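Spelled out from the first residue to the last, the chains are:
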Amino acid sequence: MTDQPPAARPLDPPRLVTGGPLLRASGLRKCYGSIVAVAAVDLEIYPGETVGIVGESGSGKSTVLRLLNLEEPADAGDYRLAVPEGAGGNLFTLDRYHRRMLRVQRIGIVYQQPHLGLRMNATSGGNVAERLIMAGERRFAALRAAARGSLAVSEFPAERVDDPPAQLSGGMQQRVQLAKAIALRPALLLLDEPTTGLDVSIQALVLDTLLRLRREQPIATLIVSHDLGVIRTLADRVLVMRAGRVVEHGLTDQVLEDPQHPYTQQLVHARL
Amino acid sequence: MSLADLAHPRYDYSYGFLDEHARRELRRRILKAIAIPGYQVPYASRELPIARGWGTGGLQATLSVAGPHDTIKVIDQGADDSVNAANLRRFIARMTGVATTTDTTLATIIQSRHRVPEERLRERQLLVLQVPDPEPLRHVQPDSSKAREMHAEADYAQMWLSLYEQLVRFGRFVQGASYPVVVHGRYLMSPSPIPRWDTPTLHQAAHLTILAAGREKRLYAVPPYTEVRPIEFDDVFFQVERMAGRVCAVSGARHKFMDELPVAGGGSLFRISDTGYLEKLVRAARGEPVTIGPTYYDAVGRFYQPGVLHEPDAVPPEGGTGHD
Ligand SMILES: Nc1ncnc2c1ncn2[C@@H]1O[C@H](COP(=O)(O)OP(=O)(O)OP(=O)(O)O)[C@@H](O)[C@H]1O
Ligand SMILES: [Mg+2]
């Protein structure tokens, strides 16, 4: 992260999907006791693509994200990432050590509740630096520079780098999470309701940051949101979840303009 | 023939106080600890006629390895004559018949709390350090079963995060005693509450060090000639306490670890903390024949192994001290 992010060209040529997907998950299933949180979810994300998940509360969106972040073991399913650490196998079979290394190097996550992703009493810079420490960086100056750089990318005010998240507003906490998530330029970025719970004006600012990031660093991103506006702004494709299943999926515009499944129709109309 | 003739003669205690099972178990644990440098081996800490927390871990290690031909030195914060050290020494001598000494160079076993002697330990000497808390991860992970998982995975990033935080907040590493070290490039280890001054003495040491915690029921070891590195950054280094400018009021010596003694009317004096060493310096000054061994730090404060310690007061690069 010490090098400058490449300047965005105003008119990127359309990215042709030539290779295979970066992420391929099929048959994801997760139960908590008798509750089936995720029944059967299939999902593919191509490099640089942003995929949204919408659905009512309790439909299993966050659980999908936790599974993809390898935080919890799945009850069933196959999950592959096209990265060297993945070794072409099902990531659910990785041992703890390799799972941790893969998560550090390749997956960034932003949680809806900042305390899940941050050490609230360490400095904001330290929270970001920890990612690099985990990846083996042992130079203080480099950690400092990378933490500053990454926080700047997420448009975090430079003068607050040494303040702990506990003293920051919700919007700024989300920026620290984002800086931490992208500090090592992950292959996959998972965003769980990154703007929910923020003031509307702050929401818009965080959304702007995410849009800019998407332009400058095309990372394969999965974003969960209640807010169809957020999904419309960010996502190329969208999955609609209900009761642990994907009931509809397609291009964002298509799904949101012309929903086919009655549940999606309800969801979209409730918004309008 | 009576039953009494067939049975063992009756002993009030077995040799070295511990019964044979306890001794064998402890020795096995110690061997395991030596085989896995820096790894905390659980053991069944026995009852002793001394309360837990007063050096029972070190005492058990000493009792389990001492033999009648050993010579033992016991120190508490550098001093041979503190009540605690004297009690332990008397107990060990009574239970094992070992000779006792205050001279580091003559001892085969040195049991210590909070200090390593100033004179360099040699091959075949054994240093037993009493440990109050064996877990170096305690302040980043209070749950000890989680801490054990972190050890298993060598997941020590949080320790460097805490170094980072110390530099950002205070401009330097603020951890004093018990400065964490990485042993043999693998396990993070607490060297017991020895000052930072003593930490480098464990690195590539000629002697064996056994560290034992009686209350926490864990022991670990640093075999001879093993890498022991304090945690630090590649560009901001671990440093020992500054002894430059301190002169021992008793011997006039410099560049040894000094205790600071308040004097009446304010102000303070310094005195070498290693009393066995100080006593020899004093006797040598009086012209008595004493052998003083080579020390870890020489008369101008240089550590005996070059390249282990970095020059003091190296300025942390970049904005590390942005908050002063
Ligand atoms: N750790 C857990 N233990 C037990 N049940 C859980 C756990 N996590 C989630 N669940 C249950 O699984 C179901 C799916 O939860 P999940 O959090 O994935 O939904 P969601 O779509 O993210 O909802 P929301 O929009 O409210 O965040 C819910 O019924 C929830 O109660
Ligand atoms: Mg959720």
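Calculation criteria
Residues numbered from 1 in each chain as written. Chains lettered and ligands numbered in written order. Predicted model: local features only at pLDDT ≥ 70, side-chain atom pairs only at ≥ 80, totals over all residues. Heavy atoms only, no water. Domains from an automatic or database assignment. Contact = heavy atoms within 4.5 Å. Buried area = accessible area lost by both parts, 1.4 Å probe. Salt bridge = Lys/Arg side-chain N within 4 Å of Asp/Glu carboxyl O. Polar contact = N/O pair within 3.5 Å; in protein donor to acceptor, adjacent residues only side chain to side chain. Helix = DSSP H or I, 4+ residues; strand = E, 2+ residues; numbered from the N terminus. Nonpolar A, V, L, I, M, F, W, Y, C, P; charged D, E, K, R; others polar. Pairing = 2+ DSSP bridges. Near = heavy atom within 4 Å. Areas by Shrake-Rupley, 256 points an atom, 1.4 Å probe, with all protein chains shown as cover. Phe/Tyr/Trp six-rings, centres within 6.5 Å; stacked < 30°, edge-to-face > 60°. Buried < 20%, exposed > 50% of the residue type's maximum accessible area, 1.4 Å probe, protein only. Lys NZ or Arg CZ within 6 Å of the ring centre and 35° of its normal. Axes fitted to C-alpha atoms, helices over the stretch in contact; angles between N-to-C directions. Parallel < 35°, antiparallel > 145°, perpendicular 65-115°, else oblique. Left-handed = near helix turned anticlockwise from the far one by under 90°. Core = buried A, V, L, I, M, F, W, Y, C linked by side-chain atoms within 4.5 Å.

### Topic: the domain arrangement of chain B
Residues and elements named next belong to chain B.
Then comes step 1: By domain assignment, chain B separates into domain 1 (20-145 + 175-225) and domain 2 (146-174).
Then comes step 2: Taking the mean C-alpha position of each, domain 1 and domain 2 sit 25 Å from one another.
Then comes step 3: Opposite the 19 residues of domain 1 that make contact, domain 2 presents 18 residues.
Then comes step 4: Taken together, both faces of the contact between domain 1 and domain 2 bury some 1600 Å²; the carbon and sulfur share is 55%.
Then comes step 5: By the criterion of area lost to domain 2, the three top residues of domain 1 are Leu 137, Ser 145 and Arg 186, representing 29% of everything that side buries.
Then comes step 6: Here domain 1 and domain 2 share one salt bridge between them.
Then comes step 7: With its nearest N and O atoms 3.5 Å apart, the salt bridge here joins Asp 143 to Lys 146.
Then comes step 8: The interface formed by domain 1 and domain 2 contains 13 residue pairs in polar contact (both at pLDDT 80 or more).
Then comes step 9: Elements supplying a minimum of two residues to the side of domain 1 that touches domain 2: helix 5 (144-152) and strand 7 (187-189).
Then comes step 10: Residues that form the side of domain 1 that touches domain 2 fall into these classes: eight nonpolar, seven polar and four charged.

### Some details on the sheet that holds strand 3 (residues 99-100) of chain B
Two modes of strand pairing occur in sheets, parallel and antiparallel, and in both the strands are linked by backbone hydrogen bonds.
Then comes step 1: Pairing within the open sheet is mixed, and its seven strands lie in the order 1-9-8-5-4-2-3 (chain B). Of all strands in the sheet, those with a lone pairing partner are strand 1 (41-42) and strand 3 of chain B, marking the two edges.

### What about the site of ligand 1?
All names here are of chain A.
Then comes step 1: Taken together, the neighbourhood of ligand 1 is formed by 14 residues, with Ser 57, Gly 58, Lys 61, Ser 62 and Thr 63 sitting nearest.
Then comes step 2: The separation between an oxygen atom of ligand 1 and a polar side-chain atom of Lys 61 is 2.7 Å.
Then comes step 3: In the environment of ligand 1, an oxygen atom lies 2.7 Å from a nitrogen or oxygen atom belonging to the side chain of Ser 62.
Then comes step 4: For ligand 1, whose free accessible area comes to 630 Å², the fraction covered by protein is 64%.
Then comes step 5: Elements with a minimum of two residues in the shell around ligand 1: strand 2 (35-45) and helix 1 (61-68).

### Focus: the environment of Gln 217 of chain A
Then comes step 1: Among the secondary structure elements, Gln 217 of chain A is positioned in the loop between helix 7 (200-216) and strand 7 (220-224).
Then comes step 2: Sequence separation of Gln 217 of chain A and Gly 48 of chain A is 169 residues, and the distance between their C-alpha atoms is 8.1 Å.

### What to know about the packing of aromatic side chains
Then comes step 1: Summed over the entire model, instances satisfying the criterion amount to 13 aromatic pairs over all chains.
Then comes step 2: An angle of 55° between the planes, with centres 5.5 Å apart, marks the rings of Phe 140 of chain A and Tyr 164 of chain B as tilted. Taken as a pair, Phe 140 of chain A in helix 5 (residues 140-153) and Tyr 164 of chain B in helix 6 (residues 157-170) lie in two separate chains rather than in one. Side by side, Phe 140 of chain A and Tyr 164 of chain B carry an identical accessibility label, which is buried.
Then comes step 3: With a centroid separation of 4.7 Å and 65° between ring planes, the pair formed by Tyr 179 of chain B and Phe 238 of chain B is classed as edge-to-face. With Tyr 179 of chain B in the loop between helix 6 and strand 6 (181-183) and Phe 238 of chain B in the loop between strand 10 (228-230) and strand 11 (258-262), this residue pair connects regions lying 59 residues apart in the sequence.
Then comes step 4: For Phe 238 of chain B, a relative accessible area of 3% translates into the label buried.
Then comes step 5: Within the aromatic cluster, the residues linked to one another by ring pairs are Trp 197, Phe 257, Tyr 296, Tyr 297, Phe 303 and Tyr 304 of chain B.
Then comes step 6: Over the face of the ring belonging to Trp 160 of chain B we find Arg 138 of chain A, whose NZ or CZ atom lies 4.2 Å from the ring centre.

### What about the sheet that holds strand 6 of chain B?
Residue and element names in this part refer to chain B.
Then comes step 1: Pairing is antiparallel in the open sheet, where three strands are placed in the order 7-6-10. Edge strands, defined here as strands with exactly one partner in the open sheet, are strand 7 and strand 10. Strand-to-strand twist of the sheet, defined as the mean angle between neighbouring strand axes without regard to direction, takes the value 35°.
Then comes step 2: Pairing geometry for strand 6 and strand 7, over three bridges, is antiparallel. In the strand pairing of strand 7, Val 181 is matched with Met 189.

### Here's the deal with the interface of chain A and chain B
Then comes step 1: Between chain A and chain B, the residue contacts involve 22 residues of the former and 22 residues of the latter.
Then comes step 2: In this assembly, chain A packs against chain B so that about 2100 Å² is buried in total across both faces, 57% of it on carbon and sulfur atoms.
Then comes step 3: Linking chain A with chain B are four salt bridges, by the criterion used here.
Then comes step 4: The partner of Glu 153 of chain B in a salt bridge is Arg 100 of chain A, and the shortest N-O contact between them spans 3.1 Å.
Then comes step 5: The interface formed by chain A and chain B contains ten residue pairs in polar contact (both at pLDDT 80 or more).

### Brief notes about the packing of helix 6 (residues 170-182) of chain A against helix 7 of chain A
Residues and elements named next belong to chain A.
Then comes step 1: Remark: helix 6 packs on helix 7, axes separated minimally by 10 Å, with the N-to-C direction vectors making an angle of 15°. When the axes of helix 6 and helix 7 are compared, the pair comes out roughly parallel. Seen along the crossing, helix 6 lies across helix 7 with a hand that is right-handed. Facing helix 6, whose interface residues are Gly 171, Arg 175, Leu 178 and Ile 182, helix 7 presents Ile 202, Leu 205, Val 206, Thr 209, Leu 210 and Leu 213.
Then comes step 2: A class-by-class count of the residues in the contact of helix 6 with helix 7 yields seven nonpolar, two polar and one charged.

### Quick notes on the nonpolar core
Then comes step 1: Trp 160 and Phe 233 of chain B are the most contacted members of the largest nonpolar core, which totals 73 residues.
Then comes step 2: Lining this core are residues from two domains, each supplying at least three of them: domain 1 (20-145 + 175-225) and domain 2 (146-174) of chain B.
Then comes step 3: If sequence neighbours within four positions are ignored, Trp 160 of chain B has contacts with Ile 133 and Arg 138 of chain A together with Val 182, Ile 231, Glu 232 and Phe 233 of chain B.
Then comes step 4: Residues Leu 81, Phe 92, Ile 109 and Ala 187 of chain A belong to the second largest nonpolar core, which totals 33 residues.

### Observations regarding the pattern of salt bridges
Then comes step 1: Under the criterion given, the structure shown has 39 salt bridges over all chains.
Then comes step 2: Residues Arg 196 of chain B and Glu 241 of chain B are paired through a salt bridge, measuring 4.0 Å at the closest nitrogen-oxygen approach. Here the residue Arg 196 of chain B occupies a position in the loop between strand 7 and strand 8 (208-213), and Glu 241 of chain B occupies one in the loop between strand 10 and strand 11, the gap between them amounting to 45 residues.
Then comes step 3: The exposure class of Glu 241 of chain B is buried, given its relative accessible area of 18%.
Then comes step 4: Between Arg 283 of chain B and Glu 279 of chain B there is a salt bridge; the shortest N-O distance is 3.8 Å. One end of the pair is Arg 283 of chain B and the other is Glu 279 of chain B, both in helix 7 (residues 275-285) and four residues apart, which spans about a single turn.
Then comes step 5: On the basis of relative accessibility, which here comes to 26%, the residue Arg 283 of chain B falls in the partly exposed class.
Then comes step 6: Among the charged side chains, a salt-bridge network with shared partners connects Arg 96 and Arg 100 of chain A together with Glu 149, Glu 153 and Asp 155 of chain B.

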